There are 2 protein chains.
Amino acid sequence: AAYSQHKQNKAEMKEIIQLKNYMAEPITPISELEKNQDDMKTQMELLIMRIQAEFCRALEKEEDEESKFKVDRWKRKEGGGGITCVLQDGRVFEKAGVNISVVSGILPPPAVQQMKTRGKNFENKELPFFAAGVSAVIHPRNPMVPTIHFNYRYFEVQDKNEVHWWFGGGTDLTPYYLNEEDAVHFHRTLKQACDEHDPTYYDKFKKWCDDYFFISHRGERRGVGGIFFDDVDYPDQQSAFKFVTSCAEAVIPSYIPLVQKHADAGYGYHERQWQLLRRGRYVEFNLIYDRGTKFGLHTPGARYESILMSLPLNAKWEYMHDPKPNSPEEKLMKVLKEPRDWLNVQQAKSTST
Amino acid sequence: AAYSQHKQNKAEMKEIIQLKNYMAEPITPISELEKNQDDMKTQMELLIMRIQAEFCRALEKEEDEESKFKVDRWKRKEGGGGITCVLQDGRVFEKAGVNISVVSGILPPPAVQQMKTRGKNFENKELPFFAAGVSAVIHPRNPMVPTIHFNYRYFEVQDKNEVHWWFGGGTDLTPYYLNEEDAVHFHRTLKQACDEHDPTYYDKFKKWCDDYFFISHRGERRGVGGIFFDDVDYPDQQSAFKFVTSCAEAVIPSYIPLVQKHADAGYGYHERQWQLLRRGRYVEFNLIYDRGTKFGLHTPGARYESILMSLPLNAKWEYMHDPKPNSPEEKLMKVLKEPRDWLNVQQAKSTST
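Every value quoted in this text rests on a predicted model; they were computed, and no experiment measured them.

## As for the sheet that holds strand β4 (residues 128-140) of chain A
All names here are of chain A.
Stage number 1. Reading across from one edge, β1-β2-β3-β4-β5-β6-β9 is the order of the seven strands in this open sheet, with antiparallel pairing throughout. A strand with exactly one partner marks an edge of an open sheet, and here the two such strands are β1 (70-75) and β9 (225-232). The mean angle between the axes of side-by-side strands here comes to 5°, regardless of whether they run parallel or antiparallel.
Stage number 2. Pairing of β1 with strand β2 (residues 80-88), which is carried by six bridges, proceeds in the antiparallel orientation. Within the sheet, the bridge partner assigned to K75 lies in β2 and is G81.
Stage number 3. Lying on the sheet, helix α9 (residues 269-289) is in contact with β3 (93-106), β4, β5 (147-158) and β6 (163-174); it crosses β4 at an angle near 165°.

## Observations concerning unusual backbone geometry
All names here are of chain A.
Stage number 1. Here the bond from Y234 into P235 is cis, since omega is -10°, no more than 30 degrees from zero.
Stage number 2. Mapping P235 onto the fold places it in the loop between β9 and α7 (237-249).
Stage number 3. With a phi angle near 55°, N344 is a residue other than glycine that sits in the positive phi range.
Stage number 4. Inspection of the secondary structure puts N344 in the loop between α12 (328-337) and α13 (345-352).

## Quick word on the sheet that holds strand β3 (residues 93-106) of chain B
Residues and elements named next belong to chain B.
Stage number 1. On the basis of which strands lie adjacent, the open sheet formed by seven strands has the order β1-β2-β3-β4-β5-β6-β9 and antiparallel pairing. Lying at the two open borders of the sheet, with one neighbouring strand each, are β1 (70-75) and β9 (225-232). Neighbouring strand axes in the sheet, compared pairwise and without regard to direction, differ in orientation by 5° on average.
Stage number 2. Relative to strand β4 (residues 128-140), β3 runs antiparallel, the two being bridged by 13 bridges. The partner of I106 across the bridge, within β4, is P128.
Stage number 3. Along the sheet, helix α3 (residues 40-62) contacts β2 (80-88), β3, β4, β5 (147-158) and β6 (163-174); its crossing angle with β3, the most-contacted strand, is approximately 170°.

## Notes on the relation of the copies chain B and chain A
Stage number 1. Superposition record for chain B on chain A: RMSD 0.0 Å, screw rotation 180°, translation along axis 0.0 Å. Viewed as a symmetry operation, the transformation between the two copies matches a two-fold axis. Considering only C-alpha atoms, the part of chain B nearest the rotation axis is A315(B), at 2.7 Å.
Stage number 2. Looking at the interface residues of chain B, 100% of them are also at the interface in chain A, so both copies use one shared face.

## A short note on the interface of chain B and chain A
Stage number 1. Taken together, the contact pairs 31 residues of chain B with 31 residues of chain A.
Stage number 2. In this assembly, chain B packs against chain A so that about 3000 Å² is buried in total across both faces, 60% of it on carbon and sulfur atoms.
Stage number 3. By the criterion of area lost to chain A, the three top residues of chain B are E305(B), W317(B) and Y319(B), representing 27% of everything that side buries.
Stage number 4. The interface formed by chain B and chain A contains zero salt bridges.
Stage number 5. Where the side of chain B that touches chain A is concerned, the elements lending two or more residues are β1, β2, α9 (269-289), α10 (291-298), α11 (304-307) and β10 (314-316) of chain B.

## Section: the packing of α9(A) against α9(B)
Stage number 1. Packing of α9(A) against α9(B) leaves a shortest axis separation of 8 Å and a crossing angle of 45°. Of the possible angle classes, the one that applies to α9(A) and α9(B) is oblique. The two elements α9(A) and α9(B) meet at a crossing, and its hand is right-handed. Packed against α9(A), whose contacting residues are V283(A), E284(A), L287(A) and I288(A), the element α9(B) presents V283(B), E284(B), L287(B) and I288(B) at the interface.

Conventions adopted
- Residues numbered from 1 in each chain as written.
- Chains lettered and ligands numbered in written order.
- Predicted model: local features only at pLDDT ≥ 70, side-chain atom pairs only at ≥ 80, totals over all residues.
- Heavy atoms only, no water.
- Pairing = 2+ DSSP bridges.
- Helix = DSSP H or I, 4+ residues; strand = E, 2+ residues; numbered from the N terminus.
- Axes fitted to C-alpha atoms, helices over the stretch in contact; angles between N-to-C directions.
- Contact = heavy atoms within 4.5 Å.
- Least-squares fit on C-alpha atoms with pLDDT ≥ 70 in both.
- Buried area = accessible area lost by both parts, 1.4 Å probe.
- Salt bridge = Lys/Arg side-chain N within 4 Å of Asp/Glu carboxyl O.
- Parallel < 35°, antiparallel > 145°, perpendicular 65-115°, else oblique.
- Left-handed = near helix turned anticlockwise from the far one by under 90°.

Structure below.
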């Protein structure tokens, strides 16, 4: 069902923009989107609108009839806005948030600093920027269903003589109980999306993911990983956009089958308590280490409700909790402490050389 | 029951050190404490040991017979250690943590940076330090009983030609439902402790507390404040130590009466849910803004279980939760958004001039 966002034909463009299944009206006025339909800013805004709507609909299908996403379209005084969709207290999903934002303004100084340490050579001090992204965190109720997070974003910074642009993003899975088949299915789906574009991407971005989602004070990862990347400005803008499109389109096939498989699995008090403890770790990662969250919260005029929608409905902290030896909980911890090569990419590599 | 920590008499010193009501053996070997009994490092270690034990015993008195503090004495590879006392899942206290630590080593670079921005003029790059402190966070089960936090600490940094030393600390209250009498009692008790030492302290440190415990992304304070100070190296070491001693001794009379007053108050599902949401805000403050927590977690060899014992057993995040107009929840929010002058210090000031 992948269709190109890039339509030469004006009539087709109109149809895309007015599709009834978006969650709300685009942030950028439709007349402007129509005028600048070849601009990457337009293409990205339309992509994230579509991904948001498709994912929300896919999640609602797994829910009871009465559980629907609540849609908030918001504007930011400093420029742009977003559409935040949240489903709370459903039968299947305890808290599901799917957010898009399309914002512009002047980069805050800490953001400039952070980008410079990543190798961006900016000349000007005042740097106008544009950012469009979709991000989602889904916390299911059943501890046998993993949490998923994804985020895909496009950045433009206007410097003295040039426009810097890049894509970033990723999709990662946080199970409460390890199911190896799930992890393999998840990684395989992401690898297929990567492989269409570059055979080296999956391996590289899988490692990046394991490194990024690291709760360093505990020496453990948030989950079983996935892919993560930033500063993708290669090989060219259209190709990079197509790669990001493939990744974003892989979210549903990577995750919804896992929801369907486990949503009715049996569990008890013990499993629920463990899930709540792991959700506490999720909160630790997001509030202490996550770049997006820290950045968001320190940006003037940030909509904190949208940034913090990633936090679980419930979380727990117990002093010195330690899973029993050889328990299913300990099995998960081992993988969080030592990430696995789910698709045997490294093994395949060394065999072929 | 305040007795001087500073004993000229060796026999008396021995008695103090071996008091049976400490929670565990001191971190510094007893022979060293005896040898250096006039050293502020020794005096502070004995103070925090005593404060920890007195506070733990006072809390246990409010609890059911079977709920006692679990005591962990730990050593830090890099130098020093601590004693962590935690009472979890009691009838009155859902989670209560009282921690002391006595550590030494070389200051990590971000710590040096942070201290320099606070005006410390260090000459050397490698700076050996010593830090001793007590800190506690008590999360009661009943939403009508407020949470209390306090922390008192002593720092020494060995520079080229001098030893920099200072005290820091504070005590603050986080109610879930505002009881104005409680807030006044709490502030009055702290003010009395301050007034014994300097009539300007309470006013200054009360404001500092309101500024420090600010969740800036939400524009609200964590609670109804108290006192907070840092870099107290005046008027002289003994006087500063006595001031800190008074503050630490004021914790029990400021808080225990509030526990006794409300521990059996009636409440229902609604009040519990509100308490859990506010505990989510507590987590936000501690993980995003609290200097001690950030510092601790970024210090090599940090004991994260002791640092994170401040987090509540349970917390909750709801998207766009807004208290109803004129509800008791909204009444609390008003005070968190606009701190009050509980003892009419400002009014008294302007009347007298």
